[in-house]
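Notes for the structure review
Below are the chains, spelled out letter by letter.
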Amino acid sequence: MLTLSDVTAGYGGGNVLQGVDLHCEAGTVTCIVGPNGAGKSTVLRVISGLLRCRTGTVEMAGTRTDNLPPEQVLALGVTQVPQSQALFPGMTVRENVLLGGYLIRRNRKLLASRYDAIRERIPIVAERAGDPAGNLSGGQRRMVEIARCLMLDPKLLLLDEPSLGLDPRSLAGVAALIQSLNQAGTTMLLVEQNVRLGLGLATHGVVMEGGKVRLTGTAAEVRDHPEMASLYLGGSAPTPAN
Ligand SMILES: Nc1ncnc2c1ncn2[C@@H]1O[C@H](COP(=O)(O)OP(=O)(O)OP(=O)(O)O)[C@@H](O)[C@H]1O
Ligand SMILES: [Mg+2]
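What counts, and where the lines are drawn
Every chain's residues receive numbers from 1 upward, in the order its sequence appears when written. Throughout, the order in which chains and ligands are written sets their labels, letters from A for the former and numbers from 1 for the latter. For this predicted model, a pLDDT threshold of at least 70 governs which residues receive local features, and a threshold of 80 or more governs which side-chain atom pairs are given and counted, while totals over whole chains, interfaces and linings are taken from all residues. Values shown for side chains rest on all heavy atoms present in the structure; no hydrogens or waters enter the calculation. Any residue with an atom within 4 Å of a point lines the site, the site being either a cavity, points on a 1 Å grid over the protein atoms alone where a 1.4 Å probe fits but cannot get out, or a pocket, an open set with protein on both sides within 12 Å along at least 5 of 7 lines. Grid points are joined across faces, edges and corners, and a volume is the space filled by probe spheres set on the points. Secondary structure counts use DSSP, requiring at least four H or I residues in a row for a helix and at least two E residues in a row for a strand, with both numbered from the N terminus. The rule is simple: take the accessible area with a 1.4 Å probe, protein chains only, and divide by the maximum for that residue type; under 20% is buried, over 50% is exposed, in between is partly exposed. Two N or O atoms form a polar contact when they lie within 3.5 Å of each other; inside protein one atom must be a possible hydrogen donor and the other a possible acceptor, and for residues adjacent in sequence the pair counts only when both atoms belong to side chains. By convention in this text, a residue qualifies as near a molecule or strand provided that one of its non-hydrogen atoms is within 4 Å of it. A 1.4 Å probe and the Shrake-Rupley method give the accessible areas. Residues count as covered only by the protein chains that appear here. The residue classification treats Ala, Val, Leu, Ile, Met, Phe, Trp, Tyr, Cys and Pro as nonpolar and Asp, Glu, Lys and Arg as charged. All others, Gly included, are polar. Only the six-membered ring of Trp is used, alongside the rings of Phe and Tyr, when aromatic pairs are assigned; centres must lie within 6.5 Å, and planes under 30 degrees apart are stacked while those over 60 apart are edge-to-face, with the rest tilted. A positively charged side chain is recorded as over a ring if its NZ (Lys) or CZ (Arg) lies within 6 Å of the ring centre. The angle to the ring normal must also be within 35 degrees. Each domain's limits were defined by an automated method or a database of domain assignments. By definition, residues are in contact when any of their heavy atoms lie within 4.5 Å. A 1.4 Å probe defines the accessible area here, and the buried area is the portion of it lost by two parts on being joined, summed over both. We define a salt bridge as a contact between a side-chain nitrogen of Lys or Arg and a carboxyl oxygen of Asp or Glu at a distance within 4 Å. Strand pairing follows a simple DSSP-based rule, namely that at least 2 bridges must link the two strands.

1. Details of the layout of surface pockets
Its volume calculated, the largest pocket comes out at about 500 Å³. Forming the boundary of the largest pocket are 17 residues, of which Leu 74, Thr 79, Gln 80, Arg 148 and Cys 149 lie nearest the centre. Contributions of two or more residues to the lining of the largest pocket are made by helix H2 (70-75), strand E6 (78-81) and helix H6 (138-150). Surrounding the second largest pocket, 15 residues form its lining, Pro 123, Ile 124, Met 143, Arg 169 and Ser 170 being those nearest its centre. Where the lining of the second largest pocket is concerned, the elements lending two or more residues are helix H5 (123-127), H6 and helix H7 (168-183).

Structure, rendered in structure tokens:
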């Protein structure tokens, strides 16, 4: 479904990503974890076309996407929920969600049926449809951001820290949503600071550090890997009492 090969990318001088290889099979949920500044969000930006890679390739279902503009990557079915707030605060929740369907705006029937399905799935969309998005709490906005990304029925959904700022109930809602989307066939790549949650939801895990992939495997392999603690959690792995 998605393959990154030897990708380097950065923002000014120097590369943030230093030869990243990543592969996501169709139907899987891959979770990237790693310390702040590791380059996790940068990987998602390269995939969605918001940042060009300098060398290397990105392939989505057999199509090279690393030289496509973001709109064309979106049209291939790749949508991203960004890490930082991305709603238009002065527009209503409904308007914000509908904006996600910009590419299908001429097909009003499809637009309406997608919106209805999302409203059923994500209660806040129904409850606060007419309120300006700026009036919502951080966690409520997060749900609306995810809702907006669903308007295009993505093939690959990129989620940058879906749990950010969510209370336990909303968190459970997002977790359930991710699982049901995956069961419906959506491939997902998420970045998550909450390692337990992220790897719990995922089928596969990736640990990044310093712009490189340090560890990959099934979610369970990554979670239980002896190097996880020293790579990511800081300090050395707890030694078993004996
Ligand atoms: N727009 C930007 N301009 C310049 N440098 C940037 C920009 N965005 C990120 N960087 C730099 O790139 C590096 C990787 O950032 P990135 O956002 O990918 O990290 P991350 O793994 O997502 O971290 P976090 O867990 O804090 O979200 C950091 O050193 C950061 O300072
Ligand atoms: Mg980030």
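The structure having been displayed, the exposition proceeds.
2. Observations concerning the environment of Arg 214
Summarising the element assignment, Arg 214 is placed in strand E10 (residues 212-218). Assessed through its relative accessible area of 41%, Arg 214 is described here as partly exposed. The spacing of Arg 214 and Leu 231 is 17 residues in sequence and 8.2 Å in space, taken between C-alpha atoms. For Arg 214, the side chain forms a polar contact with the side chain of Glu 209, separated by 3.4 Å.

3. Quick look at the site of ligand 1
Within the structure, ligand 1 sits among 14 residues, and Gly 37, Lys 40, Ser 41, Thr 42 and Gln 193 are positioned closest to it. Thr 42 is positioned with one of its side-chain polar atoms (N or O) 2.5 Å from an oxygen atom of ligand 1. Here an oxygen atom of ligand 1 and a side-chain polar atom of Gln 193 are 2.7 Å apart. For ligand 1, the accessible surface in isolation is 630 Å², of which the surrounding protein chains cover 60%. Partitioning the shell around ligand 1 into residue classes produces four nonpolar, seven polar and three charged.

4. A look at the packing of aromatic side chains
Tallying each qualifying case throughout the model produces zero aromatic pairs. One Lys or Arg, Arg 94, reaches over the ring of Tyr 115 and ends 5.2 Å from the middle of that ring.

5. Overview of the domain arrangement of the protein
Here the domain parsing of the protein yields domain 1 (1-77 + 154-242) and domain 2 (83-153). Averaged C-alpha coordinates put domain 1 and domain 2 at centres separated by 24 Å. Taken together, the contacts link 19 residues of domain 1 with 12 residues of domain 2. Summing both partners gives a buried area of about 1400 Å² for domain 1 against domain 2, and 68% of it is carried by carbon and sulfur. At the junction of domain 1 and domain 2, the tally comes to zero salt bridges. At the boundary of domain 1 with domain 2, the tally comes to three residue pairs in polar contact (both at pLDDT 80 or more). Elements with a minimum of two residues in the side of domain 1 that touches domain 2: H2, strand E7 (156-160) and H7. Ranked by residue count, the leading element in the side of domain 1 that touches domain 2 is H7, at five residues. For the side of domain 1 that touches domain 2, the residue count by class is 11 nonpolar, four polar and four charged.

6. Focus on the sheet that holds strand E5 (residues 63-64)
Judged by pairing direction, the sheet is antiparallel, and its four strands sit side by side in the order E2-E1-E4-E5 without closing on themselves. A strand with exactly one partner marks an edge of an open sheet, and here the two such strands are strand E2 (17-24) and E5. Both strand E4 (residues 55-60) and E5 contribute to a ladder of two bridges, which runs antiparallel. Across the sheet, Met 60 pairs through a bridge with Thr 63, a residue of E5.

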